[in-house]
Amino acid sequence: MDFGAAMEMSCLQKRRSSSLPELPHCLKGTDVEIEIGEATTVSDPVDAQSIKRCFPLTCGQPLLHFVNSLSRTTISSQRKEKPAVKVGVVFAGRQSPGGHNVVCGLYDAMKSHNADSSLIGFCGGTTGLFAQSFLHITENVIATYRNQGGFGMLGRTVDQIRTTQQVNAALAACQSLNLNGLVIIGGVTSNTDAAQLAETFAEANCLTKVIGVPVTINGDLKNQFVEANVGFDTVSKVNSELVSNLCTDALSAEKYYYFIRLMGRRASHITLECALQSHPNMVILSEEVTASKLTLFDITKRICDAVQARANQDKYHGVILLPEGLIESIPEAYALLQDIHVLLKKGTQTDQISTNLSPWASALFESMPIFIKRQLLLSPESDESAQLSQIETEKILAQLVETEMEKRTQNGTYKGKKFNAICHFFGYQARGSLPSKFDCEYANALGNAAYHLISAGANGYMATVTNLKHDVSQWRAGGAPFTAMMTVQRILRGPGSALVGKPSIHPVAVDLKGKPYELLLRDSERFLMDDLYANPGPIQYKGPGCDKKTISLSVEDQDYMGRLKELYACLNKVKSIVKPGCSQEILKVALSSMTSMVDILSVMSPDTNNKHL
Ligand SMILES: O=P(O)(O)OC[C@H]1O[C@](O)(CO)[C@@H](O)[C@@H]1O
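Remember, predicted model here, so these are calculated numbers, not experimental data.

This part is about the sheet that holds strand β9 (residues 282–283). Read from one edge to the other, the open sheet built from 4 strands follows the order β9-β10-β8-β11, with strand pairing classed as parallel. Looking at which strands have only one partner, the edges of the open sheet turn out to be β9 and β11 (421–426). Pairing between strand β8 (residues 257–262) and β11: 6 bridges, direction parallel. Directly across from L262, in β11, lies its bridge partner F426. Sitting on the sheet, helix α9 (residues 269–278) is in contact with β8, β9 and β10 (318–323), with an inclination near 155 degrees to β10.

Here it is as structure tokens:
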């Protein structure tokens, strides 16, 4: 493929390519300084031990904040040129709208601080990194891809830097190319891999500093340092418009139920956000199914009861949203997928799988239509999960609902008209969209921040931009160590014993106690029965509405991140001052800090999804 090549641009694309996203005040100009914040710690002792053991050199580093020294009266406003740097960038994860702007922001920052700095982009994702296949990123390349969708500038292939061979190949590439920095763009998997790479590079005394950037449509890389992911805003908006169009269509014809599956493998953030923006009749989130341990039968029954209730009001149309990860959250389907995975790994031929499954798994498998069987048997993804984007869960559900409605008709419990379903998967069409203004600006700021981290010699950090609910000018930027975002998963093995996994940055699920979900629950009954469809329309790039952020970002607890940080600071204070035999005075100070912690905790949701407090 011809990476970085010029492309035929529409009028809109040309205008976008020449428009420079606004930068937050703290990143503007050439007077950005770095302030060292509080050291990061992990309070859970098991997690802490394991993280320290796996990341002895990069664990416990402080938070970093960027400040614009021009805003300070004490510092001279003379422009400071920084040493030239050579940086490599790689799209390690799946494409996500806005990803190109990380590269553009990085490039702009590098060049504005020293015109001799050079940026190379690895072609074809991690494969290009291992093979040292790259292109020099020039002004022309930047102009072609600024504010454009996809990952066409550099492409992507596999999203892993995991095996010893892969890590060594990455190390060899960075050493032989003499890179000062390597910027890894991706989601939870890519950033976990980046953390490992940073540690390995530190061990090997490699010059290259590894920096991650949170870019994933899934919106599941969230923690006290990361408020949003590049791409989520765009994908939610594009999908919401498409869902709304189907709502309008359903209401006009009054004869179809649209079953729509949206992307989101391990968390249902996109589905939740689209529901909040477009108000379909029904939404089924993976997190709800997991929490209530709903079976396929339960879900089918819920939908059928809803169809029946609507038919009682003479309504024979509707729109139902579900995430692609739903299938894995249904206990019996998950177990079936696991069994299939084990057999595939053993090398069992696909036509022999059914006979080698346990009787119940085989019965479920055999009850599926032939095309679904084929999809279930697809070889797993690089992270060993099923190829969820290829499994048409919406069709399984539509078929089960149709069968059940026929049964109800035959036994006389349903007397309405025939149920008609039409299925859709909105995945790739939204993922390839032109990025929203928010994603363009957010990604650009993150790319800028990545440069400042490299120039400050930070290794093992994720670039962060926060305060996102506010105007771009007020956004804050900095970096947080990967290790401060990690947790260790425990697999319980009988009472008192647990198997501890490797420390990783884990995807964060929809919080069923959080504000966005609460908003959905509040209106779910009215959405179901009253057809309160709302159409947000296409993404706006200029004029009124262009600065609208996702509802999730806007309603998430305004002070949640601030409270977490406060909590974290109090805890660190206590830990640093309380020592065996310390004075009464110190204990009093510690007690007051702990009282503040209790106060903060009492106003926060008890289920914070966060183990680093
Ligand atoms: O492009 P591919 O390899 O089909 O990836 C599909 C997967 O990527 C994502 O779009 C993003 O992680 C998932 O929602 C989806 O399952």
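The rest of the description comes next.
Segmentation of the protein into domains returns domain 1 (42–71 + 85–227 + 435–492), domain 2 (233–432 + 510–530) and domain 3 (559–613). Put simply, the middle of domain 1 and the middle of domain 2, counted by C-alpha atoms, are 34 Å apart. Contacts between the two partners involve 19 residues from domain 1 and, on the opposite side, 17 residues from domain 2. When domain 1 packs against domain 2, the two sides together hide about 1400 Å² of surface, and 49% of this comes from carbon and sulfur. On the domain 1 side of the contact with domain 2, R94, I217 and N218 bury the most area, a combined 35% of that side's loss. Here domain 1 and domain 2 share 1 salt bridge between them.

A word on α9. For α9, the buried fraction is high: 10 of the 10 residues fall into the buried class. Listed in full, the buried residues belonging to α9 are H269, I270, T271, L272, E273, C274, A275, L276, Q277 and S278. At its buried positions, α9 is contacted by α8 (232–253), β8, β9, β10, α20 (515–530) and α21 (551–555). H279 occupies a position one or two residues after α9 and carries a positive phi of about 60 degrees.

Attention shifts here to the site of the ligand. Close contacts around the ligand come from R94, R156, I217, N218, M263, G264, R265, E324, S389, Y428 and R431, and that covers them all. Between the ligand and R156 there is a distance of 3.0 Å, counted from an oxygen atom to a side-chain nitrogen or oxygen. E324 is positioned with one of its side-chain polar atoms (N or O) 2.4 Å from an oxygen atom of the ligand. Burial of the ligand by the protein chains amounts to 87% of its free accessible area of 400 Å². A majority-of-atoms criterion places the ligand in the second largest pocket.

Take the UniProt feature "domain: Phosphofructokinase" (unreviewed entry) in the protein next. Per the UniProt entry, the sites bearing "domain: Phosphofructokinase" (unreviewed entry) are residues 86–454 in this numbering. In the segment residues 86–454, helix accounts for 52% and strand for 12%; the C-alpha atoms at its two ends are 10 Å apart.

Let us look at the packing of helix α6 (residues 164–176) against helix α7 (residues 188–203). At a minimum axis separation of 10 Å, α6 and α7 run at an interaxial angle of 60 degrees. The angle between α6 and α7 places the two elements in the oblique class. Our pair here, α6 against α7, has a crossing hand that is right-handed. Residues V167, A170, L171 and C174 of α6 pack against L197, T200 and F201 of α7.

All right, on to the packing of helix α13 (residues 331–346) against helix α15 (residues 359–367) then. Relative to each other, α13 and α15 sit at 105 degrees, their axes nearing to 10 Å. On the basis of their axis angle, the class for α13 and α15 is roughly perpendicular. Contacts between α13 and α15 involve E332, A333, A335, L336, D339 and I340 on the former and, on the latter, W360, A361, L364 and F365.

Here the focus is empty space enclosed by the protein. In this approach the atoms are scanned with a rolling probe the size of a water molecule, which exposes any empty space left behind. This model, assessed by the stated rule, comprises 2 cavities of 30 Å³ or more. Taken as a whole, the largest cavity encloses approximately 110 Å³ of empty space. For the largest cavity, the lining is made up of 13 residues, of which E227, A228, F232, T550 and L553 are closest to its centre. Looking at the lining of the largest cavity, the elements that each hand over two or more residues are α8 and α21. Looking at the lining of the largest cavity residue by residue, the classes come out as 4 nonpolar, 4 polar and 5 charged. In this structure, the second largest cavity encloses a volume near 30 Å³. Lining the second largest cavity we find Y257, N281, M282, A306, V307, R310, V319, I320 and L528. Of all the secondary structure elements, the ones that give two or more residues to the lining of the second largest cavity are α11 (296–312) and β10. For the lining of the second largest cavity, the element with the most residues is α11, which contributes 3 residues. Of the residues that constitute the lining of the second largest cavity, the class distribution is 7 nonpolar, 1 polar and 1 charged.

Quick notes on the rules
Residues numbered from 1 in each chain as written. Predicted model: local features only at pLDDT ≥ 70, side-chain atom pairs only at ≥ 80, totals over all residues. Heavy atoms only, no water. Pairing = 2+ DSSP bridges. Helix = DSSP H or I, 4+ residues; strand = E, 2+ residues; numbered from the N terminus. Contact = heavy atoms within 4.5 Å. Axes fitted to C-alpha atoms, helices over the stretch in contact; angles between N-to-C directions. Domains from an automatic or database assignment. Buried area = accessible area lost by both parts, 1.4 Å probe. Salt bridge = Lys/Arg side-chain N within 4 Å of Asp/Glu carboxyl O. Buried < 20%, exposed > 50% of the residue type's maximum accessible area, 1.4 Å probe, protein only. Near = heavy atom within 4 Å. Polar contact = N/O pair within 3.5 Å; in protein donor to acceptor, adjacent residues only side chain to side chain. Areas by Shrake-Rupley, 256 points an atom, 1.4 Å probe, with all protein chains shown as cover. 1 Å grid on protein atoms, 1.4 Å probe; cavity = no way out; pocket = protein on both sides within 12 Å on 5 of 7 lines; lining within 4 Å. Sits in = over half its atoms within 2 Å of the grid points. UniProt positions renumbered as here; feature names shortened; annotations may be inferred. Parallel < 35°, antiparallel > 145°, perpendicular 65-115°, else oblique. Left-handed = near helix turned anticlockwise from the far one by under 90°. Points joined across faces, edges and corners; volume = space filled by probe spheres on them. Nonpolar A, V, L, I, M, F, W, Y, C, P; charged D, E, K, R; others polar.

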